[in-house]
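Architecture and fold: a report
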Amino acid sequence: MISEEEKAKIKEEIVTKINSVLEKNNESFRMDKVNILNKAETVKFMGNYRVYDRKNYNAVSREINTFLKKYGDVEIKSKKIRDSGMKFTAVSFNFEL
């Protein structure tokens, strides 16, 4: 099991990196936090972000996915959303350490 200090460091690193990629690609969404689920043997990290400009999606997701994969086996799901006239792609991810 990893320490509370390590968990906090990983959470901050993920939020900082994802927000920097979104900002670099002129996306308006910013990620607030990463959720943690403490299991008996592992810790599960879960988060989500949005990409509003679908032309940016491939570049944004490629860079973020490459970063997240440094933590091991990452499950990543994306879904195109059309809500009240707004279009965006919602991306969720999770991995266990």
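Residues numbered from 1 in each chain as written. Predicted model: local features only at pLDDT ≥ 70, side-chain atom pairs only at ≥ 80, totals over all residues. Heavy atoms only, no water.

The backbone of N26 sits at a positive phi, close to 55°, despite the residue not being glycine. As for its placement among the helices and strands, N26 is situated in the loop between α1 (4-24) and β1 (35-38). (Helix = DSSP H or I, 4+ residues; strand = E, 2+ residues; numbered from the N terminus.)

What follows is about the pattern of salt bridges. Under the defined criterion, the tally for this structure stands at six salt bridges. Among the salt bridges present, the one from K70 reaches E13, with a minimum N-O distance of 3.2 Å. Separated by 57 residues along the polypeptide, K70 in the loop between α2 (57-68) and β3 (74-83) and E13 in helix α1 bring together distant segments of the chain. Accessibility expressed as a relative area gives 53% for K70, which makes it exposed. Overlapping salt bridges, with partners in common, bring together K17, K24 and E63 in one network. (Salt bridge = Lys/Arg side-chain N within 4 Å of Asp/Glu carboxyl O. Buried < 20%, exposed > 50% of the residue type's maximum accessible area, 1.4 Å probe, protein only.)

Glancing now at the packing of aromatic side chains. Tallied over the entire structure, the rule returns four aromatic pairs. Consider the rings of Y52 and F88, whose centres lie 5.3 Å apart with planes at 55°: the pair is tilted. With Y52 in the loop between β2 (43-51) and α2 and F88 in strand β4 (residues 86-96), the pair connects residues that are 36 residues apart, well separated along the chain. Ring geometry for Y71 against F95: centres 4.9 Å apart, planes inclined by 5°, an arrangement best described as stacked. Here Y71, found in the loop between α2 and β3, pairs with F95, found in strand β4; they are 24 residues apart in sequence, far enough to count as distant. Feature note: the residues F45, F67, Y71 and F95 constitute an aromatic cluster, connected by ring pairs. (Phe/Tyr/Trp six-rings, centres within 6.5 Å; stacked < 30°, edge-to-face > 60°.)

Distances and angles like these do not, on their own, reveal function.
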